[in-house]
Amino acid sequence: MYQVKRISRSEFVPIRKLQYHVRVWGEPAPGTTPLVMVHGWMDVAASYQFVVDALSHSHYVIAPDWRGYGHTGSGGADNFWFPDYLADLDFLLDHYAPQGQVNLVGHSMGGNIVMLYAGVRPERIRRLINLEGFGMPATTPDQAPGRYAKWLDELKSLHRGEMDLKAYDTVAGVARRLMKTNPRLGADKANWLAQHWAQEDPLGNWRILGDPAHKITNAQLYRVDEVLELYGRISVPVLSVEASDNSLDLWWKGKFTLAQYHERLQAVPQVETARIADAGHMMHHDQPELLAALIERFID
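Residues numbered from 1 in each chain as written. Predicted model: local features only at pLDDT ≥ 70, side-chain atom pairs only at ≥ 80, totals over all residues. Heavy atoms only, no water.

Enquirer: I tried to follow the overall build of the protein chain on my own but got confused; where do I start?
Expert: When helices and strands are tallied, the protein chain shows 11 helices and 11 strands. Relative to the compact-globule value of 19 Å for 300 residues, the protein chain shows a C-alpha radius of gyration of 19 Å, a close match. Projected onto its principal axes, the C-alpha positions of the protein chain cover 50 × 50 × 40 Å. Sequence separation of at least 24 residues holds for 75% of the intrachain contacts in the protein chain that already meet a minimum separation of 6. Within the structure as shown, the protein chain displays about 14,000 Å² of accessible surface, and the carbon and sulfur contribution to it stands at 53%. (Helix = DSSP H or I, 4+ residues; strand = E, 2+ residues; numbered from the N terminus. Rg over C-alpha atoms; globule rule 2.2 N^0.38 Å. Contact = heavy atoms within 4.5 Å. Areas by Shrake-Rupley, 256 points an atom, 1.4 Å probe, with all protein chains shown as cover.)

Next up, the structure:
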């Protein structure tokens, strides 16, 4: 089992009629900037434990479970709208850093969120680190009818129970699932993470702490023109971090490429890129030491 070096504590913060679960490492101190780390799709805040342990200095780290993930409820929602994440983050920063700035890290979906948020509230951020928050392929208006139809069909499928997440007989089964999804993940980390990624129900089954409604297609099209407008308003230094494995080509089969993502990044006024060797999309699991060193170098 992985041995934790820095112990976190759980806090519950009232945000927009939800009790938001937030994992916190360290304590606030005068003259220091909080490090806020937000996770990706079907992940949890505890995923950052390996990176926090690898930091060479003590930091005040704040990592929320997004709505409908981990120990944050969904509020009864049967689908999730991207602007809600930006609003949740804004309220979260009101709570933890009402007077100052934060260093902000986001992975995957969380990376997309922090990039958009930085274009809306640049004054709240000191440094921003995007871990493979690539965005989505460009869309065209003629795709809207089909997108709405798919959204409606998936909502009905959800309510019929057809999108429920698989349950596991044991926590070891969850760990095996994690290692199957990410072959680089060692058994020690997988066994530790499984206890935070899933929870035992009253019948003794282990269920993933992610609302199945997150699987529903977004009804709204991804508008690259809007994204680039927000990117252009980011007035803080940005570090875009990629893994050595090109996940983008694997996911989109040419519909959206790494070269196209790099072209979009040109809209960001102050951006640099870095690559993590021998890592896949879950780089915070694969190479936490390398990632921690990059983060500290950029925010110091």
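Enquirer: Is there a simple way to think about helix 9 (residues 258-265) in this case?
Expert: Spacing of three or four residues puts side chains on the same side of an α-helix, whose turn is 3.6 residues. Along helix 9, the residues that are buried comprise Leu-258, Tyr-261, Arg-264 and Leu-265. Across the axial projection of helix 9, the buried residues extend over an arc of 115°, all falling on one side. Turned more than 90 degrees off the buried face of helix 9, the exposed positions are Ala-259 and Glu-263. Check the buried side of helix 9 and you find it contacts helix 3 (109-120), strand 6 (125-131), helix 7 (224-231), strand 10 (238-243), helix 8 (247-252) and strand 11 (271-276). (Buried < 20%, exposed > 50% of the residue type's maximum accessible area, 1.4 Å probe, protein only. Arc of directions from axis to C-beta.)

Enquirer: Explain the packing of aromatic side chains here, please?
Expert: Note on aromatic pairs: each is described by the distance of the centres and the angle between the planes. Counting across every chain of the model gives eight aromatic pairs. Ring plane angle 65° and centroid distance 5.4 Å describe the contact between Trp-66 and Tyr-85, whose orientation is recorded as edge-to-face. Of this pair, Trp-66 sits in the loop between strand 4 (61-64) and helix 2 (82-96) while Tyr-85 sits in helix 2, and the two are 19 residues apart along the sequence. Side by side, Trp-66 and Tyr-85 carry an identical accessibility label, which is buried. Geometry around Phe-50 places Lys-189 over its ring, the cationic atom sitting 5.2 Å from the centre. (Phe/Tyr/Trp six-rings, centres within 6.5 Å; stacked < 30°, edge-to-face > 60°. Lys NZ or Arg CZ within 6 Å of the ring centre and 35° of its normal.)

Enquirer: Mind showing me how you'd approach unusual backbone geometry here?
Expert: When glycine is set aside, most residues are seen to have a negative phi, and most peptide bonds are trans. For Ser-108, which is not glycine, the phi dihedral falls at a positive 55°. Positionally, Ser-108 belongs in the loop between strand 5 (102-107) and helix 3. By relative accessible area, which is 15% here, Ser-108 ends up buried. Despite not being glycine, Asp-278 shows a phi value in the positive range, around 50°. Turning to its location among the elements, Asp-278 is positioned in the loop between strand 11 and helix 10 (283-286).

Enquirer: Help me understand helix 7 in this model?
Expert: Of the positions making up helix 7, those classed as buried are Val-224, Val-227 and Tyr-231. Buried residues of helix 7 fall within an arc of 60° about the axis and therefore sit on the same side. Buried residues in helix 7 make contact with helix 3 and helix 9.

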